[in-house]
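Remarks on the overall topology
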Amino acid sequence: FTVTVEPGAAQRLEITVGPQNGTAGVQGPDITVLVRDANGNTVPTYVGDVTLSPVVSPASPVILGTLTQPVSLGSATFNDIVFNTAGTYELEFSS
């Protein structure tokens with residue numbers, strides 16, 4: 001007897017790896033965002049993109065890199081982000 005349980009529909013995005021601190025103008029570590037269902041399972045069949053945008057940032061912020069990434073197997077990775085302006089950022093990820 002075999003039971004296969006699939007994840008539900010995509011409900012939210014979760015940042016699993018991201019920058020804590022860095023230096024202005026220097027590429028930081030990768031940012032990984034997972035697509036999750038209501039129970040917290042990764043949704044590997046999700047098709048779409050994830051977009052990064054600042055919600056709160058220093059005056060005249062410049063964020064360089066690819067700000068929209070495709071989701072593959074339930075995960076999107078931003079691997080070339082550079083914050084060119086020193087300060088504190090609050091980021092939003094949307095899909």
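Data block above holds the structure.
Residues numbered from 1 in each chain as written. Predicted model: local features only at pLDDT ≥ 70, side-chain atom pairs only at ≥ 80, totals over all residues. Heavy atoms only, no water.

Overview of the sheet that holds strand 8 (residues 90-94)
Just so we agree on the cut-off: Two strands are counted as paired when DSSP detects at least two bridges linking them. Think of it this way: any DSSP run of H or I at least four residues long counts as a helix, any run of E at least two long counts as a strand, and we number them from the N terminus. What counts as an axis is a line fitted to C-alpha atoms, over the stretch in contact for a helix, and the angles between N-to-C directions run from 0 to 180 degrees.
Here 3 strands make up an open sheet; going across it, the order is 5-3-8 and the pairing antiparallel. What marks the edges here is a single partner per strand, and that holds for strand 5 (68-70) and strand 8. Within this sheet the neighbouring strands show an average axis-to-axis angle of 25 degrees, counted without direction. In this sheet, strand 5 lies alongside strand 3 (residues 49-56) in antiparallel orientation, the contact comprising 3 bridges. Each bridged residue has a counterpart across the sheet, and for aspartate 49 the counterpart in strand 5 is proline 70.

Overview of the sheet that holds strand 6 (residues 75-78)
Taken in spatial order, the 3 strands line up as 1-2-6 in an open sheet, and their pairing is antiparallel. Only two strands of the sheet have a single partner each, and these edge strands are strand 1 (12-17) and strand 6. Each strand of the sheet is rotated relative to its neighbour by a mean of 25 degrees, with strand direction disregarded. Relative to strand 6, strand 2 (residues 31-36) is paired through 4 bridges, and the arrangement is antiparallel. Bridge pairing in strand 6 places threonine 32 opposite threonine 77.

So, the packing of aromatic side chains
Heads up, the rule is: Each pair of aromatic rings taken from Phe, Tyr and Trp, with Trp reduced to its six-membered ring, is defined by centres within 6.5 Å and is described as stacked if the planes are under 30 degrees apart, edge-to-face if over 60, and tilted in the remaining cases. Here's how the labels work: a residue is buried when its accessible area is under 20% of the maximum for its type, exposed when over 50%, partly exposed in between, all with a 1.4 Å probe on protein chains only.
Per the counting criterion, the structure on display carries 2 aromatic pairs. Their ring planes at 50 degrees and their centres at 4.6 Å tell us that phenylalanine 83 and tyrosine 89 sit as a pair that is tilted. This pair shows no difference in class: phenylalanine 83 is buried, exactly as tyrosine 89 is.

Considering the nonpolar core
Stated formally: Nine residue types can take part in a nonpolar core, namely buried Ala, Val, Leu, Ile, Met, Phe, Trp, Tyr and Cys, and a core is a set of them joined through side-chain atoms within 4.5 Å. Contacts are assigned to residue pairs with any non-hydrogen atoms lying within 4.5 Å of each other.
Within the largest apolar cluster, 14 residues are counted, with the highest numbers of intra-cluster contacts made by Ile31, Val50, Leu52, Phe78, Ile81 and Phe93. Within the residue set of this core, elements represented by two or more residues are strand 2, strand 3 and strand 6. Broken down by element, this core gets its largest block of residues, 3 residues, from strand 2. Filtering out sequence-adjacent residues up to four positions away, phenylalanine 93 remains in contact with Leu13, Ile15, Ile31, Val33, Val50, Thr51, Leu52 and Phe78.

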